[in-house]
Amino acid sequence: MRLRNVKGSREQIAENEFVIKNAEQNKGKWAEVFQDGRPIHLEIGMGKGKFLMEMARLHPDIHYIGIEKYSSVLVRALEKMEEEPLSNIHFLRMDAEYITEYFAPGEVEEIYLNFSDPWPKERHAKRRLTSRQFLARYDEILKPEGRVIFKTDNRGLFDFSLEEVQEAGWILDYHTFDLHHSEYLEGNVMTEYEEKFVQKGNPICKMVIHRQKTPE
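What counts and how
- Residues numbered from 1 in each chain as written.
- Predicted model: local features only at pLDDT ≥ 70, side-chain atom pairs only at ≥ 80, totals over all residues.
- Heavy atoms only, no water.
- UniProt positions renumbered as here; feature names shortened; annotations may be inferred.
- Helix = DSSP H or I, 4+ residues; strand = E, 2+ residues; numbered from the N terminus.
- Rg over C-alpha atoms; globule rule 2.2 N^0.38 Å.
- Buried < 20%, exposed > 50% of the residue type's maximum accessible area, 1.4 Å probe, protein only.
- Contact = heavy atoms within 4.5 Å.
- Areas by Shrake-Rupley, 256 points an atom, 1.4 Å probe, with all protein chains shown as cover.
- Lys, Arg positive; Asp, Glu negative; His and termini not counted.
- Charge placed at Lys NZ, Arg CZ, Asp CG, Glu CD.
- Polar contact = N/O pair within 3.5 Å; in protein donor to acceptor, adjacent residues only side chain to side chain.
- Patch = residues over 30% accessible without salt bridge, like charges linked within 9 Å, V, L, I, M, F, W, Y side chains within 5 Å.
- Salt bridge = Lys/Arg side-chain N within 4 Å of Asp/Glu carboxyl O.
- Pairing = 2+ DSSP bridges.
- Axes fitted to C-alpha atoms, helices over the stretch in contact; angles between N-to-C directions.

Looking at an unreviewed UniProt entry, one finds the protein chain named tRNA (guanine-N(7)-)-methyltransferase and attributed to Candidatus Anaerobutyricum stercoripullorum. Database annotation for the protein chain, UniProt heading Pathway (unreviewed entry): "tRNA modification; N(7)-methylguanine-tRNA biosynthesis." Listed under Catalytic activity (unreviewed entry) in UniProt, the entry text for the protein chain is "guanosine(46) in tRNA + S-adenosyl-L-methionine = N(7)-methylguanosine(46) in tRNA + S-adenosyl-L-homocysteine".

Structure (structure tokens):
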């Protein structure tokens, strides 16, 4: 899908109070930045922000950070935030490939991956957000009990992700190939894409994984 450039989006992002500036300097210091002891959850590839904002409303005791590398997409989320500001939601414009440069070990409690780009060509497999390369990055920044929660309508990407979880030594808490007709639907918060896919009758796949703990 081609993303349409939004004129002036970079300037809007640079000036917006909800976007964390010079975030690399916060690595290892996020607890000091927020100063309230609340856990930190990330959504990587947050799109227009519907999921993140609903989660922030439901759980005011958690800091949610939305990560988006496309300025033209992030600016739409910022427009929504201007309408209903939430003190526990924050944004980073960055590529998730560099996430370990922004967060130190144990600083993140949960990571959400919602309807990520499938990168269908095999030569691009390492760019998929559930590849073993990205799982290794998440492993660096998550708390020992931290989790990754992944949803997609792309069955091929989901099958690939199940294989990567096993190869990377992570533990699969649960998975389903049809979330909206499963026992795991309770408490589900939908994204913009999810709402469209469900209306079309497309099954939604979901998995929850956590890290393989190193034996003491």
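What about the overall build of the protein chain?
Along the backbone of the protein chain there are seven helices and seven strands. N-terminal to C-terminal, the α/β element order of the protein chain is α-α-β-α-β-α-β-β-α-β-α-β-α-β. In terms of C-alpha radius of gyration, the protein chain reaches 17 Å, essentially the compact-globule figure of 17 Å for 216 residues. Projecting the C-alpha coordinates of the protein chain onto the three principal axes gives extents of approximately 50 × 40 × 35 Å. Considering the protein chain as a whole, with its 216 residues, one finds that 47% of them fall into the buried category. Of the contacts made within the protein chain by residues no fewer than 6 positions apart, 77% connect residues no fewer than 24 positions apart. Carbon and sulfur atoms make up 46% of the accessible area of the protein chain, which totals about 11,900 Å². Here the protein chain carries 31 positive and 38 negative side-chain charges, and the mean point of each set is 6 Å from the other.

A closer look at unusual backbone geometry
One non-glycine residue, Asn22, adopts positive backbone phi at about 50°. Residue classification places Asn22 among the exposed residues on the basis of a relative accessible area of 52%.

Here's the deal with the side chain of Thr130
If you trace the backbone, Thr130 turns up in the loop between β4 (108-114) and α5 (132-141). A relative accessible area of 6% places Thr130 in the buried class. Polar side-chain contacts of Thr130 include one of 2.6 Å to the side chain of Ser161. Residue contacts for Thr130: discarding those within four places in its chain leaves Leu113, Leu135, Phe150, Leu157, Phe160, Ser161 and Glu164.

Quick look at a positive patch on the surface
There is a patch of like positive charges on the surface, built from Lys121, Arg123, Lys126 and Arg127. Here Arg123 shows up in the loop between β4 and α5. The class of Arg123 is exposed, set by a relative accessible area of 61%.

Points about the UniProt feature "binding site: S-adenosyl-L-methionine" (unreviewed entry) in the protein chain
The feature "binding site: S-adenosyl-L-methionine" (unreviewed entry), as given by UniProt, occupies Glu43, Glu68, Asp95 and Asp117 in the numbering adopted here. Spatially, the listed residues are clustered: although they cover 75 residues, their C-alpha atoms lie within 13.8 Å of one another. Take Glu43: it is sitting in strand β1 (residues 40-44). Sequence-distant contacts of Glu43, defined by excluding residues within four places in its chain, comprise Phe51, Leu52, Ile65, Gly66, Ile67, Tyr112 and Asn114. Summarising the element assignment, Glu68 is placed in strand β2 (residues 63-68). Reaching out from Glu68, the side chain makes a polar contact with the backbone nitrogen of Gly47 at a distance of 3.1 Å.

Examining the sheet that holds strand β6 (residues 171-176)
The strands that make up a sheet pair up through hydrogen bonds in the backbone, lying either parallel or antiparallel. Ordered in space as β3-β2-β1-β4-β5-β7-β6, the seven strands form an open sheet in which the pairing is mixed. Only two strands of the sheet have a single partner each, and these edge strands are β3 (89-93) and β6. Along the sheet, successive strands turn relative to each other by an average axial angle of 15°, direction set aside. Pairing between β6 and strand β7 (residues 205-210): five bridges, direction antiparallel. By the bridge assignment for β7, Ile171 is matched with His210. The strands touched by helix α4 (residues 71-83) are β2 and β3; relative to β3, the strand with the most contacts, the crossing angle is about 160°. In this fold helix α6 (residues 155-167) packs onto β5 (142-152), β6 and β7, with an angle of close to 15° to the strand it touches most, β7.

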